[in-house]
Amino acid sequence: GLQGLNEEEARSRLEASGLALGALEFLRHPRVDSGSVMGQSPLPGQLSLPGDSVRVTVSLGPERREIPSVRQLRGERAVALLEATGFGVAVDSVESDEPRGSVVAISPEEGTEVRLPSDVAIQLSLGPPAVFMPDLLQFSEDEARDTLAVLGLVVEEVEAA
């Protein structure tokens, strides 16, 4: 058989057997490297007369595509665009200072050319973390500032009453 050979190797093997390389067909294949013979007709083991030609199918390799830019889109639209362009999408939600539903990260990065089929992981923002606001009415200003600092909050303005 000719499977796995390149076009020139297939031509040489056929000529050594008294056959000729006939029509070439080219197809994309997700797992066969570009330039490799994927199939032939007649099939290996079938009888052929000297001088007959053999039709050969050669791989163009897997389809490759760049990961589109989705950071400017909201979560559902980003997922829809990735899926529509042939990617499998895994979504993870993370706390972030970005607005809820924003794309925070994508892996592989946007613009990276990958083989199809391929999976892409995106992280969507849950929004900033929510913090339980304590009752500060009975605290001194210093105690209130210290309590808020422990929670990761910053006092921006103090009004005297």
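In total, this model carries nine salt bridges according to the counting rule given. A salt bridge links Glu25 to Arg55, with the nearest nitrogen and oxygen atoms 3.4 Å apart. Placement of Glu25 in strand β1 (residues 20-28) and of Arg55 in strand β3 (residues 53-61) is noted, with a sequence separation of 30 residues between them. Under the relative-accessibility criterion, Glu25 is labelled partly exposed at 37%. Relative accessible area serves as the criterion here: at 40%, Arg55 is assigned to the partly exposed category. Two residues, Glu113 and Arg64, come together in a salt bridge whose shortest N-O distance is 3.1 Å. Taken as a pair, Glu113 in strand β7 (residues 113-115) and Arg64 in strand β4 (residues 64-66) lie far apart in primary sequence, 49 residues in all. The exposure class of Arg64 is partly exposed, given its relative accessible area of 43%. Beyond isolated ion pairs, a larger network of salt bridges with shared partners links Glu7, Glu8 and Arg11.

This part is about the sheet that holds strand β2 (residues 37-41). The sheet built from three strands is open, its strands ordered β1-β3-β2 with mixed pairing. The open sheet terminates on both sides in strands that have one partner only, identified here as β1 and β2. The average angle at which neighbouring strand axes cross in this sheet is 25 degrees, direction not considered. The pairing of β1 with β3 spans seven bridges and is classified as parallel. Paired with Leu24 across the two strands is Val56, which belongs to β3.

Residue Pro42 follows Ser41 across a cis peptide bond; omega there is 5 degrees. Secondary-structure assignment places Pro42 in the loop between β2 and β3. Cis rather than trans, the peptide bond between Ser107 and Pro108 has omega equal to -5 degrees. Topologically, Pro108 is positioned in the loop between β6 (103-107) and β7.

Procedures and definitions
By convention here, each chain's residues receive numbers from 1 onward along its written sequence. Thresholds applied to this predicted model are a pLDDT of at least 70 for local features of residues and 80 or more for the giving and counting of side-chain atom pairs; totals over whole chains, interfaces and linings are not thresholded and use all residues. Working from all heavy atoms in the structure, the side-chain values ignore hydrogens and water. Definition used for salt bridges: Asp or Glu carboxyl oxygen within 4 Å of a side-chain nitrogen of Lys or Arg. Helix and strand labels come from DSSP, where a helix needs a run of H or I of at least four residues and a strand needs a run of E of at least two; each type is numbered from the N terminus. Note on classification: 1.4 Å probe, protein chains only; a residue is buried when its accessible area is under 20% of the maximum for its type, exposed when over 50%, partly exposed between these limits. By the convention used here, strands pair only if DSSP detects at least 2 bridges between them. Fitted lines through C-alpha atoms serve as axes, helices being fitted only where they are in contact, and the angles separating the N-to-C directions of these axes extend from 0 to 180 degrees.

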